[in-house]
Amino acid sequence: MADVAPNPAPSMDEVVKRLMESRPPATDSFTYLTIVEKSLSPEILPSLQEILEDAELTNEIGWDLVEMLISVPGSEQCLETIARLGNPREVILKVLEVMDKNTDPETEAAEIPHANRKFITLVGMLGILHRRLQVRAPSRFLHTTLDTVYRAYDPTSAEATAAVVDLARSLSGRKRPPLPSRQSSTLLETPFQDSDPSKSAPDPEADKAEHVNEDEPELITKLLQSFITCIIEAYANSNSMEWASRLLEYTMPERIVPGRPTMMQAFKEVDELRARDALVGQLVAAAGDLGLSSTTSPPIKETFSLPVRKDPLADELDTENPTASMLSTGGVLCLTAYWMFATDVFDAHHDCSELYIFPHHHDLLARFLGEDPETQIASNLGTTEAFVVILIWLQSQGRIIKDMDIKDGAEGTYMSYLHILTLISVFHPNVRTRNATTVLAGTILHTIPKEEDRLAILEDLLENCIFSSLQACAVSWLREEIIAARKAGTKGRFGSPECFDTLQYALFPDLSHLANADTATLWDFWTGASAFHLQVANFALFLFRGEDYKALAPTGMAVAIEHRYVDPLLHVSKALQEAVEKKEVEAGGMEGEVVTQLGILADTLGRIPLQ
């Protein structure tokens, strides 16, 4: 049998001709959609765009084309036409369905730019579609849209962020201002930003007899406020803004180490970091357009007193009660932190006069971190940093206590606050945020009016805190208290031996039991408490080295701590250095660092003049 030659593939002209000639009523809608799907390629898009300019046809089939076109490169113009001329109800639902399908947390890194490109195009379509929609309760459609957009949003993408800023401004009726450009290969442009509303078709299902519900404008504003605060929090949690470290550099320049580059410099000189500042500025400006411009704004004040809300858009919409739509607590905190940061660093003007450390910051921090602070901090890095920023600003402004008398319960109030606050310095992964928290915690401790309360808090940290790094902070704060007392010439608790009558056993615990301990026990001891004991060794050198502070030690204290603390710790250092060198312990690749730390400890202990 002779071979039958395969039919040659139709030429592009033939494909286009078929598309043109098959348009309804020549075929039914279902058949025509099948023809379009089989013909679809980037090359036919100009012809398809011409076909879609038929408003009647696009109103009938446009919504079915969204999923077909979204993956085709160069299809944006066709999709804009569908947004302008398709049935807005049907197309909105299809766009949201496609956006949901496009939201996949397992997306490969190489596919993320394509996923974001789809997201940006779909968001652009939604801006056009919602402006065309004529219904009695547009908030119902808007609520679903904003919730879907928020869930699909990739906050690590500058372009996706520009798209949601544009959407928020578009839906609020605000004219879109120029977005910040970046000195890179990508500009922050959003699709359809120049779309001409006069070329859009009216809503074919609009009921001219119906008027928009009178509560709708307020409800729409509330929804947009919820949306923008959710977006702000997501952006801050996914992009290191270094607000805390920069504000600390601005507020306490004396703490800047000479010769080291600062974060203030980095955000002025590095294009990517400057772009982050610019984008956050746009998000904050969009919030301002929606009535969120200061801590005196009613929705902001209300949020500070309400239970913590993580995702208010996920709540069911209550059209009968517009005020029930609440803001993202984390988003409001990030917004407030930005206002305070910008007021100082950028010389902006925001009214933050409603907040004080006590009770506002204390209560908010306790409620936000809740019963599982480690998880909350790890999953809300930007929001946690916002707490530190707010504290830096409030402290620098002297906004400590408002309308509350904590004299009788001062120790408990301050202790509770410092315990919660210092968890950030334990669990936050950014070392600069941790350091800023530690600095501020010490500053707050030193402002407590009564010495007895300060001493009690230090004693509690030294005796009961389970985190060695915080115990080390307590040792540093004790040293600062002693130095301040000497400078002030006071003879109170920190200027007399009374201090060590109270603290010496918490500060220099009895370690004699380690003399006969095996290597595993010594290793567990060191890995769990190295930060504290390194700091205590330095403190002992400070206390006994000269004549300035030696008199603070009660009689016999030096000899006692030599036997119960210094000698056992020297034994630990020597034994563990030998164990590490003989590979008798697993140091996880940190052998060199461990040996160095143990050597420093031994050297410091050996220089303490206890005799």
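Look above for the structure.
Throughout what follows, the structure given in this document is the object of discussion. (Residues numbered from 1 in each chain as written. Predicted model: local features only at pLDDT ≥ 70, side-chain atom pairs only at ≥ 80, totals over all residues. Heavy atoms only, no water.)

Some words on the overall build of the protein chain
In step 1: Counting its regular elements, the protein chain contains 27 helices and 0 strands.
In step 2: A compact globule built from 611 residues should have a C-alpha radius of gyration of about 25 Å, whereas the protein chain, at 32 Å, is more than 25% larger.
In step 3: For the protein chain, the spread of C-alpha atoms along the three principal axes comes to 105 × 75 × 40 Å.
In step 4: Each of the 611 residues in the protein chain was classed as buried or not, and the buried ones make up 53%.
In step 5: In the protein chain, once contacts between residues fewer than 6 apart in sequence are set aside, the share between residues at least 24 apart is 79%.
In step 6: Averaging the locations of the 52 positively and 90 negatively charged side chains of the protein chain gives two centres separated by 5 Å. (Helix = DSSP H or I, 4+ residues; strand = E, 2+ residues; numbered from the N terminus. Rg over C-alpha atoms; globule rule 2.2 N^0.38 Å. Buried < 20%, exposed > 50% of the residue type's maximum accessible area, 1.4 Å probe, protein only. Contact = heavy atoms within 4.5 Å. Lys, Arg positive; Asp, Glu negative; His and termini not counted. Charge placed at Lys NZ, Arg CZ, Asp CG, Glu CD.)

Comments concerning the nonpolar core
In step 1: By size, the foremost hydrophobic cluster in this structure holds 193 residues, and its most contacted members are Phe119, Met125, Phe227, Leu478, Phe500 and Phe539.
In step 2: Here the element with the most residues in this core is helix H24 (residues 519-545); it accounts for 14 residues.
In step 3: Apart from residues lying up to four places away in sequence, Met125 is in contact with Val66, Leu79, Ile82, Ala83, Val91, Val95 and Phe192. (Core = buried A, V, L, I, M, F, W, Y, C linked by side-chain atoms within 4.5 Å.)

Points about the packing of aromatic side chains
In step 1: For the coordinates displayed, the defined rule picks out 11 aromatic pairs.
In step 2: Judged by centre distance (5.9 Å) and plane angle (45 degrees), the ring pair of Phe500 and Phe539 falls under tilted. Taken as a pair, Phe500 in helix H23 (residues 498-507) and Phe539 in helix H24 lie far apart in primary sequence, 39 residues in all. Here the two residues Phe500 and Phe539 agree in accessibility, since each one is buried.
In step 3: Connected via pairs of aromatic rings, a cluster forms that spans Trp243, Tyr338, Phe341 and Phe346.
In step 4: The positively charged end of Arg246 is found above the aromatic ring belonging to Phe267, 3.7 Å away from the centroid. (Phe/Tyr/Trp six-rings, centres within 6.5 Å; stacked < 30°, edge-to-face > 60°. Lys NZ or Arg CZ within 6 Å of the ring centre and 35° of its normal.)

So, helix H22 (residues 468-488)
In step 1: With 21 residues, H22 extends 30 Å from end C-alpha to end C-alpha; this agrees with the ideal 30 Å at 1.5 Å per step.
In step 2: Burial in H22 covers these residues: Ser468, Leu470, Gln471, Ala472, Cys473, Ala474, Val475, Trp477, Leu478, Glu481, Ile482 and Ala485.
In step 3: Where H22 terminates, the next one or two residues include Gly489, which has phi positive at roughly 70 degrees. (Expected span 1.5 Å × (residues − 1).)

Remarks on the environment of Glu14
In step 1: Inspection of the secondary structure assignment puts Glu14 in helix H1 (residues 12-21).
In step 2: On the basis of relative accessible area, Glu14 is assigned to the partly exposed category, the value being 46%.
In step 3: Once the C-alpha coordinates of Glu14 and Asp166 are considered, the two residues, 152 residues apart in sequence, prove to be 40 Å apart.

Overview of the side chain of Arg454
In step 1: Mapped onto the fold, Arg454 is located in helix H21 (residues 451-464).
In step 2: Arg454 gets classed as buried once you look at its relative accessible area, which sits at 10%.
In step 3: If we ignore the near neighbours within four places in the chain, the residues touching Arg454 are Leu445, His446, Ile448, Pro449, Glu481 and Phe494.

Quick look at the pattern of salt bridges
In step 1: By the definition in use, this model includes 19 salt bridges.
In step 2: Glu53 is the partner of Arg84 in a salt bridge, and the nearest nitrogen-oxygen pair spans 3.2 Å. Taken together, the residues Arg84 in helix H5 (residues 76-85) and Glu53 in the loop between helix H3 (45-52) and helix H4 (55-69) connect sequence positions 31 residues apart.
In step 3: Among the residues examined, Arg84 registers a relative accessible area of 7% and is labelled buried. (Salt bridge = Lys/Arg side-chain N within 4 Å of Asp/Glu carboxyl O.)

Focus: unusual backbone geometry
In step 1: Each neighbour pair has its own omega, and for Pro24 with Pro25 the value is 15 degrees, a cis peptide bond.
In step 2: Tracing the sequence through the fold places Pro25 in the loop between H1 and helix H2 (29-39).
In step 3: Here the residue pair Phe358 and Pro359 is connected by a cis peptide bond, since its omega of 10 degrees sits within 30 degrees of zero.
In step 4: In this structure, Glu242 takes a positive phi of about 55 degrees despite not being glycine.
In step 5: With respect to the secondary-structure elements, Glu242 resides in the loop between helix H10 (216-238) and helix H11 (243-251).
In step 6: By relative accessible area, Glu242 is classed as buried at 3%.
In step 7: Of note, Lys583 is a non-glycine position whose phi angle comes to about 60 degrees, a positive value.
In step 8: Position of Lys583 among the secondary structure elements: in the loop between helix H26 (557-581) and helix H27 (591-606).

Observations regarding helix H16 (residues 360-369)
In step 1: Those residues of H16 lying buried are His361, His362, Leu364, Leu365, Phe368 and Leu369.
In step 2: Count one or two residues on from H16 and you reach Gly370, which has phi positive near 60 degrees.

Some points on the packing of helix H20 (residues 431-447) against H22
In step 1: Orientation of H20 relative to H22, taken along the N-to-C sense of each, is 45 degrees, at an axis distance of 10 Å. Considering the angle they form, H20 stands oblique to H22. Crossing hand, H20 versus H22: right-handed. Where H20 abuts H22, its residues Thr438, Ala441, Gly442, Leu445 and His446 lie against Cys473, Trp477, Glu480 and Glu481. (Axes fitted to C-alpha atoms, helices over the stretch in contact; angles between N-to-C directions. Parallel < 35°, antiparallel > 145°, perpendicular 65-115°, else oblique. Left-handed = near helix turned anticlockwise from the far one by under 90°.)

Observations regarding the environment of Ile220
In step 1: By secondary structure assignment, the location of Ile220 is in helix H10.
In step 2: With 334 residues separating them in the primary sequence, Ile220 and Pro554 have C-alpha atoms 69 Å apart.
In step 3: Those residues within four positions of Ile220 in sequence are excluded, and the remaining contacts are Pro138, Ser139 and Leu142.

Thoughts on the packing of helix H6 (residues 88-102) against helix H7 (residues 112-132)
In step 1: The N-to-C vectors of H6 and H7 enclose an angle of 160 degrees; their axes lie 10 Å apart at closest approach. Judged by the inter-axis angle, H6 sits roughly antiparallel to H7. Pair H6 / H7 crosses with left-handed handedness. Note on element contacts: H7 touches H6 through Ala115, Lys118, Phe119, Leu122, Val123, Met125, Leu126, Leu129, His130 and Arg132, opposite Pro88, Val91, Ile92, Val95, Leu96, Val98, Met99 and Asn102.
In step 2: Looking at the contact of H6 with H7 residue by residue, the classes come out as 14 nonpolar, 2 polar and 2 charged. (Nonpolar A, V, L, I, M, F, W, Y, C, P; charged D, E, K, R; others polar.)

As for the environment of Ser238
In step 1: Assignment of secondary structure puts Ser238 in helix H10.
In step 2: On the accessibility criterion, Ser238 (35% relative accessible area) is partly exposed.
In step 3: Separated by 276 residues in sequence, Ser238 and Leu514 place their C-alpha atoms 45 Å apart.
In step 4: Beyond its immediate stretch of four places on either side in the chain, Ser238 contacts Pro155 and Thr156.
In step 5: Among the polar contacts made by the side chain of Ser238, one reaches the main-chain carbonyl oxygen of Ala234 at a distance of 3.1 Å. (Polar contact = N/O pair within 3.5 Å; in protein donor to acceptor, adjacent residues only side chain to side chain.)

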